[in-house]
Amino acid sequence: MACRVQHSIHNSLYFLSSTPLRNSLNIRKSYFKSRINFGKTLFSSPSSSSRTALYCTCSSSSSSNSGKDSLFTNGSDAFVLTTPLYYVNAPPHMGSAYTTIAADAIARFQRLLEKKVIFITGTDEHGEKIATAAAANGSSPSEHCDIVSQAYKALWKDFDISYDKFIRTTDPKHEAVVKEFYSRVLANGDIYRADYEGLYCVNCEEYKDEKDLLANNCCPTHLKPCVRRKEDNYFFALSKYQQQLEEILRQNPGFVQPSYRLNEVQGWIKSGLKDFSISRASVDWGIAVPNDPKQTIYVWFDALLGYVSALLEDNELASLETAISSGWPASLHLIGKDILRFHAVYWPAMLMSAGIGLPKMVFGHGFLTKDGMKMGKSLGNTLEPTDLVQRFGPDAVRYFFLREVEFGNDGDYSEERFINVINAHLANAIGNLLNRTLGLLKKNCQSTLAVDSYVAAEGNKFKATVEKLVEKARVHYENLELSAACETVLEIGNAGNSYIDEQAPWSLFKKGETAFETAAKDLVIILEAMRIIAIALSPVTPGLSLRIYSQLGYTEDQFNAVNWSDTKWGGLKAGQVMAQPTPIFARIEDATEAETKGAATKKVKKEKVPKSKSPVEA
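The structure presented is a predicted model; accordingly, all values stated were derived computationally and were not measured.

**What about helix α18 (residues 482–503)?**
When the terminal C-alpha atoms of α18 are compared, their 32 Å separation across 22 residues agrees well with the 32 Å that a helix rising 1.5 Å per residue should span. Just past α18, the residue A504 takes up positive phi, approximately 45 degrees.

**A short note on the sheet that holds strand β7 (residues 256–257)**
The six strands are arranged β3-β2-β1-β12-β13-β7 in an open sheet whose pairing can be described as parallel. Pairing within the sheet leaves two strands with one partner each, and these edge strands are β3 (165–168) and β7. Bridge count between strand β2 (residues 117–124) and β3: four bridges; the pairing is parallel. Residue G122 lies in a different strand from β3, and its bridge partner there is I167.

**Details of the packing of α18 against helix α20 (residues 513–536)**
Between α18 and α20, whose axes approach to 10 Å, the crossing angle comes to 170 degrees. Comparing the axis directions of α18 and α20 gives the class roughly antiparallel. Residue-level contacts link V489, I492, G493, G496, Y499, I500 and Q503 of α18 to D522, I525, I526, A529, I533 and A536 of α20. Of the residues assigned to the contact of α18 with α20, the class counts are nine nonpolar, three polar and one charged.

**Section: the sheet that holds strand β11 (residues 292–297)**
With antiparallel pairing, the three strands of this open sheet are ordered in space as β9-β11-β10. Edge strands, defined here as strands with exactly one partner in the open sheet, are β9 (279–280) and β10 (288–289). Where β10 and β11 come together, two bridges link them in antiparallel fashion. Within the sheet, the bridge partner assigned to A288 lies in β11 and is T296.

**Describing unusual backbone geometry**
At the junction of Q257 and P258, the peptide bond is cis and its omega measures out at -10 degrees in the coordinates. Assignment of secondary structure puts P258 in the loop between β7 and α8 (259–270). Look at the link from W328 to P329: it is a cis peptide, with omega at 5 degrees. Inspection of the secondary structure puts P329 in the loop between α11 (320–324) and β12 (332–336). Phi at D160 is positive, roughly 60 degrees, even though this residue is not glycine. One can find D160 in the loop between α5 (141–158) and β3. Here N217, not a glycine, exhibits a phi torsion of approximately 60 degrees, which is positive.

**Re the pattern of salt bridges**
Pairing between side chains of opposite charge can happen when their charged atoms approach one another. Evaluated as defined, the whole model comprises 28 salt bridges. Between D104 and R398 there is a salt bridge whose closest N-O contact spans 2.7 Å. Remark: R398 occurs in helix α14 (residues 394–404) and D104 occurs in helix α3 (residues 94–112); sequence separation between them is 294 residues. Owing to a relative accessible area of 0%, R398 belongs among the buried residues under this scheme. Three or more residues joined by partner-sharing salt bridges are found here, namely R403, E404, R417 and E487.

**Thoughts on the packing of helix α7 (residues 242–251) against helix α12 (residues 340–354)**
Following both chains from N to C, one finds α7 and α12 inclined at 110 degrees, their axes separated by 10 Å at the closest point. Compared by their axis directions, α7 and α12 come out roughly perpendicular. On α12, the residues touching Q244, L245 and I248 of α7 are V345, P348, A349 and M352. Taken together, the residues of the contact of α7 with α12 sort by class into six nonpolar, one polar and no charged.

**Here we look at the environment of V289**
Tracing the chain through its elements places V289 in strand β10. A relative accessible area of 2% places V289 in the buried class. As a C-alpha pair, V289 and S183 span 106 residues in sequence and 9.2 Å in three-dimensional space. Sequence-distant contacts of V289, defined by excluding residues within four places in its chain, comprise Y182, Y234, S279, Q295, T296 and I297.

**Some remarks on the environment of T169**
Looking at where T169 falls in the secondary structure, it is placed in the loop between β3 and α6 (172–187). Among the residues examined, T169 registers a relative accessible area of 1% and is labelled buried. Counting along the chain gives 46 residues from T169 to T123, while the straight-line C-alpha distance between them is 6.6 Å. In this structure the side chain of T169 is engaged in a polar contact, spanning 2.7 Å, whose partner is the backbone nitrogen of E125.

Analysis parameters
- Residues numbered from 1 in each chain as written.
- Predicted model: local features only at pLDDT ≥ 70, side-chain atom pairs only at ≥ 80, totals over all residues.
- Heavy atoms only, no water.
- Helix = DSSP H or I, 4+ residues; strand = E, 2+ residues; numbered from the N terminus.
- Expected span 1.5 Å × (residues − 1).
- Pairing = 2+ DSSP bridges.
- Axes fitted to C-alpha atoms, helices over the stretch in contact; angles between N-to-C directions.
- Parallel < 35°, antiparallel > 145°, perpendicular 65-115°, else oblique.
- Contact = heavy atoms within 4.5 Å.
- Nonpolar A, V, L, I, M, F, W, Y, C, P; charged D, E, K, R; others polar.
- Salt bridge = Lys/Arg side-chain N within 4 Å of Asp/Glu carboxyl O.
- Buried < 20%, exposed > 50% of the residue type's maximum accessible area, 1.4 Å probe, protein only.
- Polar contact = N/O pair within 3.5 Å; in protein donor to acceptor, adjacent residues only side chain to side chain.

The values are spatial; any link to function lies outside them.
Shown next as structure tokens:
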């Protein structure tokens, strides 16, 4: 879904704005009578048109959560986090990777808080565009989906993505959930049949309003002409939920983040919601409509349910109720801003119709650009994540995009900026600090800590500085301020570099006695700061953090067992033996540096062989 680029999505796939036309379609009376009733509990029947969906937790038939019923309550107390389900019309690009890296950092931080985390990602595999892409490659839609879905899984492995669930919308369990959900919404009187004719963008898989198109009816996102289509479809009564949605956003302003995204959503709703088509008569590659097998369910009405079906275990009965009871509602939907309307307007209305609780938050982040230009598969301007991770490693790529892009806003990539940031932050401020400290410890203390880190820092202001910064980083992580969290952890490294330069332990060691003891304590203080950095930066750079922890004499199992409380000062103990100093992050050379070094090497080698001697004599 994140890859179905819709930079300026409008309420499309809808019609029926006039009362006479509505009245001619024999829409159920419940369509007009159903209204939300704040403050009342949900009636037991899922098909009751007079119920309120605002105070349901899992479903209308659930009674075990008495006292907990709330629009945003998660009965399982799990932190359920989702990326979009990525559209498999083409292989993944950096925009897809960015969302998933951010989600992974959030999931890892929540695990450090000892939360039960369910991190969901996956692929959206139905629709006309998928069938077209498969035909262009000479394969079946199923084969095409298998290949691209595996490409996503392989890329997530390369980036150290720690997802818990990977859902494919072609999974049988997902199809079962979608059909049950569709039937529940139908029983509530919110699905009806009607004709629709309009201009359709195949790439967006969406009908467009003519006033929003460019010359020659071109889609403003894909710059390709839309085609006129007339279809007999099933429609979802989105307009029925306008007042409910307005009230939800008024009472829960944190539902859509950042706040400026909330303003966008409120503007869309205020301008008037129209019903939208949720089936296709001309698309075969999809889930069949339960009450009409000649039509397939619209990809968005299908794919959004992946967040729910993903909660099912492989050996569980594939039912909507079972999925909901396994962790729904989600704590956070992390999406690109181009699909905000679907997640913040369509999806809540669909859930209310089915009597299911809403997610707690929808966070719409910005776009990535490359050298100032927007990236996207449809525009042919992509940054290949596989190439980046192979050249620079996952930690460097993860750190750059999370540190340099303020989460929620657009961000730009340039290779020059990438190299400068990574060298300055990871190689120098953090990597070099650890390496030179361990080198001094090996030379003067046989790589062994002289005292406990708590004792070493008694009366030392540096300890208070680190403690303040760690708490600040925690707050930033909790507020999804990932760039600020990275910057704050880096401040610890910068403070450590300033401290060791001021103390100059290499000089103190030479003086002996009391000065020697002071220098030994200074090294323990810096290494304790490095231990804290390793934990605090682990949501962003898990591989680098493990290497730091290993250098400090810990095992991988010990690293995997840490939590945020371990950032408290005092972890290192007297007598602990550090590993031999080995650079944890190599400095990246740009093309100019590499060429210069190569030329210098050739010159040195040439000068070593006197011209008056033969190769044998030399």
